[in-house]
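# Overview (structure and organization)
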Amino acid sequence: GINAEYGGVSDPEVAAQAALMVEPHVAGIDVNMGCPKDYSIKGNMGAALLTQPDLIKKILCKLVAVCSKPVTCKIRILDSEEDTLSLCKEIESTGVAALTVHGRTRYTRSSHPCNYDIIKKIKSQLSIPVILNGASLDITKKKDMTLLMKETGVDSVMVARAAWYNPSIFRDPEPVPVREAVQKFMKYCIDYNCQLHILKYTMGKFRGAFKDNESSLEVTRHIESRLIYQYFGLGDYYDEVASKRNDDVQEEFQRKKRQKLDKDYKVLQAEITPTILQSFRGVIAPRQILNQWLEANGFTKPKYWTTESNKIFTGFLQIDNDTYAMEGNFKNKKTATQAVSYAYCMTNHIELRHYKTGARTQSGCNCKCKSGG
């Protein structure tokens, strides 16, 4: 199952409220008390809690009390071995189901070695499961994790950066070459329409997928997803999926429009040619004239939309509770909406003026003017 991890917790009550919101959707609740980032420290969260054992106990005790799912905790080691062991025992006393220990202090960089000795001692003095974290420098395959568990006695290993370098690291017995793993991952990104900013961030972590640092920078600077996929030989696959997705989206869009038109609507009858519509270029167009007339005569603001079939558009117009359509050989949405506006004006005796001829166009059919004119 999926666990919900909280990296931003400094208040027991707020922590409990947040946990109860997500608890129905996850297998467990984990509190990250080891994050050394500035935004966590400044908010008195993450690794800032390591020197506040009383607050840690309040937060964890509250979570254990209100949650029906297992509550776990992740920490970093302290400068003193004695203080580290004392903190771990305090955490165990809260009733958490497991403890994850990152073998570096709050100030130790990830390029420095992980302290396996202290994690081994922690495991020997606790009765709850202990999970080792921070070993990515020493992990390149699943067998490395098994050896670390055997050497330290821990119950499991939590991996982050090593999985970024090669997401197939958990594959047994050996991971696949990183570029092959990333290509498979990127196919999922294409299939699920991964957003560009997420794609670029993730690709920046797959360092082994690029030939050199310059290539990595060049690819992640791209402002189009396709260019990134193309670098990995997936440009054609992206085009194929994107084309099908656009077709599916358009089909769904048209389906919803057709559903919208399940109600009765009137098909307007009017002689409309491209020449007639072009005659309004440079002056007020039929749609604008109609909008002004409707407003002046107390109608609600009209709604316009179109449907498309085989690249031929039909214009629709809704006024109050009445819906009208104008069918014809209209090649785009703009022409279709202007056509239905023109047809409505002609049907309801609303005066139009042709730009080229200067003549007024009227029809004496079925005037709907609320003023009675």
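This text goes with the structure placed above it.
Throughout what follows, the structure given in this document is the object of discussion. Bear in mind the structure is a predicted one, so any value in this text is a computation, not a measurement.

Okay, the environment of T300 next. Residue placement: T300 occurs in the loop between α14 (286-296) and β8 (303-309). For T300, a relative accessible area of 44% puts it in the partly exposed group. T300 sits 20 residues away from D320 along the chain, and the two C-alpha atoms are 5.9 Å apart. In this structure the side chain of T300 is engaged in a polar contact, spanning 2.7 Å, whose partner is the side chain of D320.

This part takes up the environment of V64. Looking at where V64 falls in the secondary structure, it is placed in helix α3 (residues 53-66). For the pair formed by V64 and V96, sequence separation is 32 residues and the distance between their alpha carbons is 6.7 Å. If we ignore the near neighbours within four places in the chain, the residues touching V64 are V71, T94, G95 and V96.

By volume, the largest pocket amounts to about 960 Å³. When residues of the lining of the largest pocket are traced back to their parent elements, those giving at least two are β1 (3-6), α2 (38-42), β3 (71-76), α7 (161-165) and α9 (196-205). The dominant element in the lining of the largest pocket, judged by the number of residues it contributes, is α7, at three residues. Of the residues belonging to the lining of the largest pocket, the class tally is twelve nonpolar, eleven polar and ten charged.

Right, let's talk about α14 for a bit. Those residues of α14 that fall on the buried side of the exposure criterion are P286, I289, L290, W293 and L294. Burial along α14 is one-sided: seen end-on, the buried residues are contained in an arc of 130°. When the buried face of α14 is taken as reference, the exposed residues oriented beyond 90 degrees from it are E295 and A296. Looking one or two residues past α14, G298 carries a phi angle of roughly 80°, positive in sign.

Once that is clear, we can look at the packing of aromatic side chains. One pass over the full model with this rule turns up six aromatic pairs. Aromatic pair W293 and F299: ring centres 5.7 Å apart, planes at 25°, arrangement stacked. You can call W293 buried: its relative accessible area is 15%. Taking relative accessible area as the criterion, F299 reaches 11% and is therefore assigned buried. Between Y324 and Y344, the aromatic rings sit 5.2 Å apart at their centres with planes inclined by 70°, giving edge-to-face as the arrangement.

What follows covers the sheet that holds strand β7 (residues 266-267). Across the sheet, four strands lie side by side as β7-β10-β9-β8; this open sheet has mixed pairing. One side of each edge strand has no neighbouring strand; the edge strands of this open sheet are β7 and β8.

Moving on to the pattern of salt bridges. The full count for this structure, using the stated rule, is six salt bridges. Linking K141 and D144 is a salt bridge whose minimum nitrogen-to-oxygen distance equals 3.6 Å. What makes K141 partly exposed here is its relative accessible area of 21%. Here R226 and D239 are joined by a salt bridge, their closest N and O atoms 2.8 Å apart. Here D239 lies in helix α12 (residues 235-260) and R226 lies in helix α11 (residues 225-231), a separation of 13 residues in the sequence. By relative accessible area, which is 33% here, D239 ends up partly exposed.

Glancing now at the nonpolar core. By size, the foremost hydrophobic cluster in this structure holds 50 residues, and its most contacted members are M33, I75, I91, L99 and I139. Broken down by element, this core gets its largest block of residues, five residues, from α3. Those residues in contact with I139, other than ones at most four positions away along the chain, are D144, M145, L148, V157, V159, A162 and I169. Core analysis: the next-biggest nonpolar cluster, separate from the first, contains 27 residues, L268, I289, L294 and F330 among them.

This paragraph deals with the pairing of β3. Judged by how many residues are buried, β3 sits mostly within the fold: six of six residues are covered. Judged by which residues are buried, β3 turns out to be covered on both faces: V71, C73 and I75 on one side and T72, K74 and R76 on the other are all buried. Alignment of strand β2 (residues 28-33) against β3, held across five bridges, turns out to be parallel. Across the sheet, the residue bridging to I29 is V71, located in β3. With five bridges joining them, β3 and strand β4 (residues 98-102) adopt parallel strand pairing. Bridging from a neighbouring strand, C73 pairs with L99 of β4.

Glancing now at the packing of α14 against helix α15 (residues 333-347). Running from N to C, α14 and α15 cross one another at 50°; their axes reach a closest spacing of 8 Å. The angle between the axes of α14 and α15 places the two elements in the oblique class. In terms of crossing hand, the pair formed by α14 and α15 is left-handed. For the pair α14 and α15, the contacting residues are P286, R287 and L290 in the first and T337, Q338, S341, Y342, Y344 and C345 in the second. When grouped by side-chain class, the residues that make up the contact of α14 with α15 number five nonpolar, three polar and one charged.

Conventions used here
- Residues numbered from 1 in each chain as written.
- Predicted model: local features only at pLDDT ≥ 70, side-chain atom pairs only at ≥ 80, totals over all residues.
- Heavy atoms only, no water.
- Helix = DSSP H or I, 4+ residues; strand = E, 2+ residues; numbered from the N terminus.
- Buried < 20%, exposed > 50% of the residue type's maximum accessible area, 1.4 Å probe, protein only.
- Polar contact = N/O pair within 3.5 Å; in protein donor to acceptor, adjacent residues only side chain to side chain.
- Contact = heavy atoms within 4.5 Å.
- 1 Å grid on protein atoms, 1.4 Å probe; cavity = no way out; pocket = protein on both sides within 12 Å on 5 of 7 lines; lining within 4 Å.
- Points joined across faces, edges and corners; volume = space filled by probe spheres on them.
- Nonpolar A, V, L, I, M, F, W, Y, C, P; charged D, E, K, R; others polar.
- Arc of directions from axis to C-beta.
- Phe/Tyr/Trp six-rings, centres within 6.5 Å; stacked < 30°, edge-to-face > 60°.
- Pairing = 2+ DSSP bridges.
- Salt bridge = Lys/Arg side-chain N within 4 Å of Asp/Glu carboxyl O.
- Core = buried A, V, L, I, M, F, W, Y, C linked by side-chain atoms within 4.5 Å.
- Axes fitted to C-alpha atoms, helices over the stretch in contact; angles between N-to-C directions.
- Parallel < 35°, antiparallel > 145°, perpendicular 65-115°, else oblique.
- Left-handed = near helix turned anticlockwise from the far one by under 90°.

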